[in-house]
Amino acid sequence: MKNTLSVQILGFLISAVTYSILFYINAWLMTNLAYGLGVNWVYLPAGLRLFLTLIFGLPGALGIALSSFCISYLGDFPQDFTTCIGVGLISGLAPYLARIFVLKNAKISPDLGNLSLPKLVACILIYALFSAGLHQWWFAVRGLDETGSFNHFLVMLIGDVLGTIVLVGLIKAGLDFLKPSRLA
């Protein structure tokens, strides 16, 4: 029990810290690709959200939610507690809901041992739909200027998909680079 709790706490902390770091790196790298408040044409943290919740489950989702709340509250969003709580919860729970949906319907094992490319693509698309849809719904409910529209939904969907593909590609390239050379 103690070991399980420490793994969950570690997953929570890793998720909160790495999500925050990648959020600010993405903000710096993609400044010219921002479409509007909380909407980017390429959003690398989307891939990390999915990756962390696939690996850590609920503790990862909660770490992302806390981090996203803090980023929203201290950042460009109105410093409205309710709005930022919603943004945080959606940021963490959208990939977690996608995880649940995909594990049940695409028959992916909880340890991700049978995660194939087609299943990963399905997971990315389902996550991006949940994330963009829930975020834009929340932005519209909260009355944030120029948000909640179909255009914002579409750009956020594209940004989440592209960001996830780029991040997965970078992780794959990094892992390939770290493999010992087969020629040696």
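Our structure is the block above this text.
The written sequence of each chain sets the order in which its residues are numbered from 1. Totals for whole chains, interfaces and linings use every residue, but because this is a predicted model, local features are given only for residues with pLDDT of at least 70 and side-chain atom pairs only at 80 or more, for both listing and counting. Side-chain metrics in this entry use all non-hydrogen atoms of the structure; hydrogen atoms and water are not considered.

A count of helical and extended segments in the chain gives 6 helices and 2 strands. Here a strand is any run of E in DSSP of at least two residues, a helix any run of H or I of at least four, and the numbering for each starts at the N terminus. Starting at the N terminus, the α and β elements of the chain follow one another as α-β-β-α-α-α-α-α. Atoms counted for the radius of gyration: C-alpha only. Globule rule: 2.2 Å times residue count to the power 0.38. Computed over C-alpha atoms, the radius of gyration of the chain comes to 17 Å, within 12% of the 16 Å expected from 2.2 N^0.38 for 184 residues, which places it in the range of a compact globule. If you line up the chain on its principal axes, its C-alpha atoms span 55 × 40 × 30 Å. Here the chain, with 184 residues, has 41% of them falling under the buried criterion. Here, residues are in contact when the closest pair of their heavy atoms is within 4.5 Å. Counted over contacts in the chain with a minimum sequence separation of 6, partners at least 24 positions apart contribute 69%. Type-normalised accessible area, obtained with a 1.4 Å probe on protein chains alone, sets the label of each residue: buried when under 20%, exposed when over 50%, and partly exposed for intermediate values.

This part is about the packing of helix H3 (residues 58-74) against helix H4 (residues 81-105). Between two packed helices, what matters for the description is the angle formed by their axes and the separation of those axes. Where H3 meets H4, the closest approach of the two axes is 7 Å, and the angle between their N-to-C directions is 150°. In terms of orientation, H3 lies roughly antiparallel with respect to H4. Judged by the sense of rotation from one axis to the other, the crossing of H3 with H4 is right-handed. The segment H3 lies against H4, with Leu58, Ala61, Ile64, Ala65, Ser68, Phe69, Ser72 and Tyr73 engaging Phe81, Cys84, Ile85, Val87, Gly88, Leu89, Ser91, Gly92, Leu93 and Tyr96. Every axis in this analysis is a line fitted to C-alpha atoms, fitted for helices over the stretch in contact. Angles between the N-to-C directions lie between 0 and 180 degrees. For classification purposes, an angle smaller than 35 degrees is called roughly parallel, one larger than 145 roughly antiparallel, one from 65 to 115 roughly perpendicular, and anything else oblique. Each helix crossing is assigned a hand: it is left-handed if the near helix lies turned anticlockwise from the far helix by less than a right angle, otherwise right-handed if that turn is clockwise.

Attention now goes to the side chain of Arg49. Here Arg49 lies in helix H2 (residues 44-56). Within the buried set, Arg49 has no salt-bridge partner at all; the shortest N-O distance to an opposite charge, 4.7 Å, is to Asp160. Any pair of N or O atoms that falls within 3.5 Å is considered a polar contact. Within protein, one atom must be able to donate a hydrogen and the other to accept it, and sequence-neighbouring residues count only if both atoms are side-chain atoms. Engagement of the side chain of Arg49 in a polar contact is seen with the side chain of Tyr19, the distance being 2.8 Å. In this view, Arg49 contacts Tyr19, Tyr43, Ile64, Ser91, Pro95, Tyr127, Ser131 and His135; residues no more than four positions away in its chain are not counted. Positive residues here are Lys and Arg, negative ones are Asp and Glu, while His and the chain termini are left out of the count. The term salt bridge refers to a side-chain nitrogen of Lys or Arg lying within 4 Å of a carboxyl oxygen of Asp or Glu.

The next point concerns the pattern of salt bridges. Tallying each qualifying case throughout the model produces 1 salt bridge. Note that Arg142 is salt-bridged to Asp80, the shortest N-O span being 2.6 Å. Highlighted residues: Arg142 in the loop between helix H5 (117-141) and helix H6 (150-178) and Asp80 in the loop between H3 and H4, separated in sequence by 62 residues. What makes Arg142 partly exposed here is its relative accessible area of 33%. A residue is classified by how much of its surface remains accessible, and Asp80, at 27% relative accessible area, is partly exposed.

Now for the packing of aromatic side chains. Only Phe, Tyr and Trp rings are paired, with Trp represented by its six-membered ring, and only when their centres lie within 6.5 Å; those with planes under 30 degrees apart are stacked, over 60 edge-to-face, the remainder tilted. Scanning the entire structure with this criterion turns up 10 aromatic pairs. On the numbers, 6.5 Å between centres and 75° between planes, the contact of Phe23 with Tyr43 is edge-to-face. Here Phe23 is found in helix H1 (residues 2-29), whereas its partner Tyr43 is found in the loop between strand S2 (39-40) and H2, with 20 residues between them in sequence. Here Phe23 falls in the partly exposed class, since its relative accessible area comes to 23%. Its relative accessible area of 9% is what places Tyr43 among the buried residues. With centroids separated by 5.7 Å and ring planes inclined at 20°, the aromatic side chains of Phe69 and Tyr73 adopt a geometry described as stacked. With Phe69 and Tyr73 both in helix H3 and 4 residues apart, the pair spans about one turn of that helix. Each member of the aromatic cluster is reached from another via a ring pair, and the members are Phe23, Tyr24 and Tyr43.

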